[in-house]
Amino acid sequence: MNHFDQTTDRFNTQSVKWDYTEEIFGIKDVLPMWVADMDFKAPKEVIAALAERASHGIFGYTSAGFGAKKAVQNWMEKRHSWNITQESIVFSSGVVTALSMAIQSLTDPGDSVLIQSPVYHPFFDMTEKNNRTIINNQLKLVQGNYEIDFADLEEKLSDPAVKLMLLCNPHNPGGRVWSSDELKKLGELCAAHHVIVVSDEIHSDLMLFGHKHVPFASISKELADLSITCMAPSKTFNLAGLQSSAIIIPNKDLRTKYEDYQKRQGFFTLNTFGITGMEAAYTYGAPWLEELTAYLEGNVNTVTSFISEKLPELKVIQPDSTYLVWIDCRSLSKTDAELKGLLLEKGRLALEEGTKYGPGGEGFVRMNIGCPRSVVLDGLTRLEKAFS
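All of these numbers come straight from a predicted model, not from anything done at the bench.

Novice: Looking at this structure, how should I read the packing of helix α14 (residues 336-346) against helix α15 (residues 373-387)?
Specialist: Helix-helix packing is described using two parameters, namely the angle between the two axes and the distance between the axes. Running from N to C, α14 and α15 cross one another at 120°; their axes reach a closest spacing of 8 Å. What the angle tells us is that α14 and α15 run oblique. Taken as a pair, α14 and α15 cross one another with a handedness that is right-handed. Each of Leu339, Leu342, Leu343 and Lys346 in α14 lies in contact with α15, whose residues at this interface are Leu383, Lys385, Ala386 and Phe387. When its residues are assigned to classes, the contact of α14 with α15 shows six nonpolar, no polar and two charged.

Novice: I'm lost on the side chain of Glu201 in this one. Help?
Specialist: Examined against the element boundaries, Glu201 turns out to sit in the loop between β8 (196-200) and α9 (221-224). One buried charged residue, Glu201, forms no salt bridge at all, with the nearest opposite charge on Lys212 at 11 Å. Of the polar contacts made by the side chain of Glu201, one reaches the side chain of His213; its length is 2.7 Å. Contact partners of Glu201, with chain neighbours within four places excluded, come to Asn169, His213, Pro215, Phe216, Thr229, Cys230 and Met231.

Novice: What exactly am I supposed to notice about the nonpolar core here?
Specialist: Nonpolar side chains in soluble globular proteins tend to end up buried together. Leu292, Leu314, Ile327, Met367, Leu383 and Phe387 are the most contacted members of the largest nonpolar core, which totals 68 residues. Take this core: its biggest share by element is nine residues, from helix α13 (residues 286-310). Core analysis: the second largest hydrophobic core is formed by 28 residues, Ala98, Leu99, Ile103 and Ile202 among them.

Novice: Looking at this structure, how should I read the pairing of strand β7 (residues 162-168)?
Specialist: Two faces, one strand: in a regular strand the side chains alternate between the faces of the sheet. Within β7, six of the seven residues are buried, which leaves it mostly tucked inside the rest of the structure. Where strand β3 (residues 112-115) lies against β7, three bridges are found, and the strand directions are parallel. In the sheet register, Val113 faces β7, and the bridge partner there is Leu164. One ladder, built from five bridges, connects β7 with β8; its direction is parallel. Following the sheet pairing, Cys168 is matched in β8 by Asp200.

Novice: Where do I start with the packing of aromatic side chains in this structure?
Specialist: Applying the stated criterion across every chain, the model contains 15 aromatic pairs. Ring centres 6.2 Å apart and planes at 90° place the aromatic pair Tyr61 and Phe268 in the edge-to-face group. Here Phe268 lies in the loop between α11 (252-264) and α12 (272-284) and Tyr61 lies in the loop between α3 (44-56) and α4 (66-80), a separation of 207 residues in the sequence. Taking 5.8 Å as the distance between ring centres and 35° as the angle between the ring planes, the aromatic pair formed by Phe237 and Trp288 counts as tilted. On the criterion of sequence distance, the pair formed by Phe237 in helix α10 (residues 234-237) and Trp288 in helix α13 is long-range, its members being 51 residues apart. In this structure an aromatic cluster arises from ring pairing among Phe4, Phe40, Trp75, Phe237, Tyr282, Trp288 and Tyr295. Cation over ring: Lys185 sits above Phe150, and NZ or CZ is 4.5 Å from the ring centre. The ring of Tyr295 carries Arg373 above its face, with NZ or CZ at 4.3 Å from the centroid.

Novice: Please clarify how unusual backbone geometry should be interpreted in this entry.
Specialist: The general pattern is negative phi for most residues beyond glycine and trans for most peptide bonds. Along the chain, Ser117 connects to Pro118 via a cis peptide bond; the corresponding omega equals -5°. Note on placement: Pro118 falls in the loop between β3 and α6 (122-129). A cis amide bond links Asn172 to the next residue, Pro173, at an omega of 25°. As for its placement among the helices and strands, Pro173 is situated in the loop between β7 and α8 (180-192). A positive phi is found at Ser333, a non-glycine position, where the angle reads about 55°.

Calculation notes
Residues numbered from 1 in each chain as written. Predicted model: local features only at pLDDT ≥ 70, side-chain atom pairs only at ≥ 80, totals over all residues. Heavy atoms only, no water. Axes fitted to C-alpha atoms, helices over the stretch in contact; angles between N-to-C directions. Helix = DSSP H or I, 4+ residues; strand = E, 2+ residues; numbered from the N terminus. Parallel < 35°, antiparallel > 145°, perpendicular 65-115°, else oblique. Left-handed = near helix turned anticlockwise from the far one by under 90°. Contact = heavy atoms within 4.5 Å. Nonpolar A, V, L, I, M, F, W, Y, C, P; charged D, E, K, R; others polar. Buried < 20%, exposed > 50% of the residue type's maximum accessible area, 1.4 Å probe, protein only. Lys, Arg positive; Asp, Glu negative; His and termini not counted. Salt bridge = Lys/Arg side-chain N within 4 Å of Asp/Glu carboxyl O. Polar contact = N/O pair within 3.5 Å; in protein donor to acceptor, adjacent residues only side chain to side chain. Core = buried A, V, L, I, M, F, W, Y, C linked by side-chain atoms within 4.5 Å. Pairing = 2+ DSSP bridges. Phe/Tyr/Trp six-rings, centres within 6.5 Å; stacked < 30°, edge-to-face > 60°. Lys NZ or Arg CZ within 6 Å of the ring centre and 35° of its normal.

Shown next as structure tokens:
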């Protein structure tokens, strides 16, 4: 039996997915396959490191210093062929926090921030809550594959009010891995119009079916100098609750502005267990990740085959990465409210609704398949029941 097939009871662990779905969705007894964390235990080396740290018994002020930075540096080199300096690494409690810090430190109220919908909803939230204007370069879905509308992108970037772009690399919810050529073209347009790129690369380790992640900042020194890259072990190793992220800012001026703003907000360092977990994951987690990737590929194939056979009117957007599956339900000719109602009331299944991801998300749902295959099959059976 594959250890990823083992189910673990997550109730009464303050789990957003398992303990709060009823409160969030307003309905009992539904299977939660919405929020993006996995139902797999972290690598045993990470668990052991956390247990050892806990057994020490003293939890005074801690600093994320040389060990954590070295682990991040080594991981980027070995995993993504990206050579970074330890000096370029700063820490954040989370990628969403870092997005907000970047927006606040590098733009002014009233400035515009460019995003590419449909996309991870905090891109909208952090822009709007900080009184910046959203400029949307909507992605094009071409034969089941998302593409960048470069003509529209260039037009939008030419607006002098656009100071910063939030890039989702790899893409969430579509799972698209952007190619080096696409990223280079995007970066050159941003450079030409003096637009800073904040690249959310939190899913970059979860490459499926032989795809390879290209860090935006690794393409050239010019693009590195206009970039902030947000990484974390949270999606890769299921450590979101430890709240630790690595933010890579090669340009000293941008890094100083970012760190100064962090300090003004009272940020000191990561928590003790966040530091320990990050260092252990990036140091020892690669073999576990290889096993996970193979298992996730099996889950994707299970979803694709099931929907093709049982629900052929739906279309799966084949993910290049992540444990999230973006499903096109538009042929059902239902409103988004109707889709949600059928899923919850008839299927007893909680998925993320597509409208959450902005223009272009209408008629889609997102399913989290980072769970044992038995749970995936249960979810698919509920999906069939909802739409039968």
